[in-house]
2 protein chains.
Amino acid sequence: MKEMDCVSFCRALGDETRQDILQLLQTRGEMRVNDIVAAFGRSSQPTISHHLKVLKQESLVTSRRAGKEILYALNQNNVEECCGMLWAKFAEGKAGLSSPANRLAEHGPNARS
Amino acid sequence: MKEMDCVSFCRALGDETRQDILQLLQTRGEMRVNDIVAAFGRSSQPTISHHLKVLKQESLVTSRRAGKEILYALNQNNVEECCGMLWAKFAEGKAGLSSPANRLAEHGPNARS
DNA sequence: CAATCACATAGAGGAATTTCAATACGTCGA
DNA sequence: TCGACGTATTGAAATTCCTCTATGTGATTG
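Residues numbered from 1 in each chain as written. Chains lettered and ligands numbered in written order. Predicted model: local features only at pLDDT ≥ 70, side-chain atom pairs only at ≥ 80, totals over all residues. Heavy atoms only, no water.

Asks: Explain the overall build of chain A residue by residue, including any values.
Replies: Each helix and strand in chain A was counted, giving six helices and three strands. Put simply, chain A runs from its N terminus to its C terminus through helices and strands in the order α-α-β-α-α-β-β-α-α. Relative to its 113 residues, chain A shows a buried fraction of 46%. Nonlocal contacts in chain A, meaning residues at least 24 apart in sequence, comprise 48% of its contacts between residues at least 6 apart. A total accessible area of about 5,800 Å² is found for chain A, and carbon and sulfur atoms account for 47% of it. (Helix = DSSP H or I, 4+ residues; strand = E, 2+ residues; numbered from the N terminus. Buried < 20%, exposed > 50% of the residue type's maximum accessible area, 1.4 Å probe, protein only. Contact = heavy atoms within 4.5 Å. Areas by Shrake-Rupley, 256 points an atom, 1.4 Å probe, with all protein chains shown as cover.)

Structure (structure tokens):
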């Protein structure tokens, strides 16, 4: 399961196409490479394949062979763990002012806008 | 307050020196540029200045003039908001399996290891 | 005002990244 | 086994990024 590194995680997310791939896999579930390519239309198959490789190196996606095809899926657990790592690194500075849970409520994902 | 973009936020964090600067500012609070340079020892002053510019463009740090010096500080609110944005984008996929709050408890910042 | 201090900006070299066309590899069906 | 299909890899061009030295800018001091 690859050692986790905030920097390389962010680097992997620092590309629009890769973020779009992750989001696509999140909403559609397991997908074939060609279907991902088709869903974008803007990038060649080798380009998508390269991005998938980067994402896989960070364990953000998984892949399995199914006959001729290879199916990619979001590695939800690891994605969430990495996001949590980021949060832990940069958002738990002023402990005592508010608990992490409180800060999540204030600025986090389920904050009431 | 700059429009927020997951990709450029991650790109800003996709560099070790920049992550180190943020962490330094988090633990030490407001700092002069030269003190940041000194704290690293490994990077030139213009290099640090460049990274600070990148971080400021993403509103991850603030700066104010104090005489000859310029003081940089972590923009805690925005950092947390961006982390929350990331979480919201990639960690709230399978709604229904567990609530966002539950997933935070399972994999999030304050998860028991 | 001149010198100095603290920092920003300009410019350049080199490394890394993104992307594509071409090609190689692995699998299945005939 | 041969051809076709789906995907990975290679190699190269274009762009972006990181870092440095050199220099510019703004503020203080003498």
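That covers the picture; the talk isn't over yet.
Asks: Describe the protein's contact with DNA strand D, listing the residues and the values that go with them.
Replies: Around DNA strand D there are 24 residues in total, and Asn 34, Ser 49 and Tyr 72 of chain A together with Thr 47 and His 51 of chain B lie nearest to it. A share of 72% is what sugar and phosphate atoms reach among the atoms of DNA strand D within 4 Å of the protein. One of the backbone nitrogen or oxygen atoms of Asn 34 of chain A is found 2.9 Å away from a phosphate oxygen of DNA strand D. Side-chain polar atom of Arg 18 of chain B to a phosphate oxygen of DNA strand D: 3.0 Å apart, as the coordinates give it. Of all the secondary-structure elements, those providing two or more residues to the surface near DNA strand D are helix H3 (33–40), helix H4 (45–57) and strand S3 (69–74) of chain A together with helix H4 (45–57) of chain B. Partitioned by chemical class, the residues of the surface near DNA strand D number five nonpolar, nine polar and ten charged. (Near = heavy atom within 4 Å. Polar contact = N/O pair within 3.5 Å; in protein donor to acceptor, adjacent residues only side chain to side chain. Nonpolar A, V, L, I, M, F, W, Y, C, P; charged D, E, K, R; others polar.)

Asks: Any details on the protein's contact with DNA strand C? Residues and values, ideally.
Replies: Residues in contact with DNA strand C amount to 24 residues; listed here are only the nearest, Thr 47 and His 51 of chain A together with Asn 34, Ser 49 and Tyr 72 of chain B. When atoms of DNA strand C within 4 Å of the protein are sorted by moiety, sugar and phosphate together comprise 74%. Note that a phosphate oxygen of DNA strand C is positioned 2.9 Å from one of the side-chain N or O atoms of Ser 44 of chain A. Within the side chain of His 51 of chain A, a nitrogen or oxygen atom sits 2.6 Å from a phosphate oxygen of DNA strand C. Only H4 of chain A together with helix H3 (33–40), H4 and strand S3 (69–74) of chain B provide two or more residues apiece to the surface near DNA strand C.

Asks: Lay out the nonpolar core with the relevant residues and their values.
Replies: Within soluble globular proteins, side chains that are nonpolar generally end up buried alongside one another. If you look at the biggest cluster of nonpolar residues, it comprises 58 residues, and the most contacted ones within it are Leu 86 of chain A together with Leu 86 of chain B. Residues within four places of Leu 86 of chain B in sequence aside, it is in contact with Phe 9, Leu 13, Cys 83 and Leu 86 of chain A together with Cys 6, Phe 9, Cys 10 and Ala 91 of chain B. (Core = buried A, V, L, I, M, F, W, Y, C linked by side-chain atoms within 4.5 Å.)

Asks: Residue-level account of the sheet that holds strand S2 (residues 61–66) of chain B, with values.
Replies: All names here are of chain B. One open sheet holds the three strands; their spatial order is S1-S3-S2, and the pairing between them is antiparallel. Strands at the two margins of the open sheet, each flanked by one partner only, are strand S1 (31–32) and S2. Summarising the sheet, S2 and S3 pair through six bridges and their orientation is antiparallel. Note on S3: the bridge partner recorded for Val 61 is Leu 74. Relative to S3, helix H2 (residues 16–28) is tilted by about 90°, and along the sheet it contacts S1, S2 and S3. (Pairing = 2+ DSSP bridges. Axes fitted to C-alpha atoms, helices over the stretch in contact; angles between N-to-C directions.)

Asks: Lay out the state of the cysteines in plain terms, naming residues and giving numbers.
Replies: Taken as a whole and judged by the stated rule, the model has zero disulfides over all chains. Not engaged in a disulfide, the cysteine Cys 10 of chain B finds its nearest cysteine sulfur in Cys 10 of chain A; these two sulfurs lie 5.2 Å apart. Note on Cys 10 of chain B: relative accessible area 0%, which makes it buried. (Disulfide = S-S within 2.5 Å.)

Asks: Break down the environment of Asp 20 of chain B for me, with residues and values.
Replies: All names here are of chain B. Mapped onto the secondary structure, Asp 20 falls in helix H2. Distance in space between the C-alpha atoms of Asp 20 and Ile 36 is 10.0 Å, their sequence separation being 16 residues. Sequence-distant contacts of Asp 20, that is, excluding residues within four places in its chain, are made with Phe 40 and Arg 42.

Asks: Tell me about unusual backbone geometry, residues and numbers included.
Replies: Note: most residues except glycine have negative phi, and most peptide bonds are trans. The backbone of Ser 59 of chain A sits at a positive phi, close to 60°, despite the residue not being glycine. Ser 59 of chain A sits in the buried class, given a relative accessible area of 13%.

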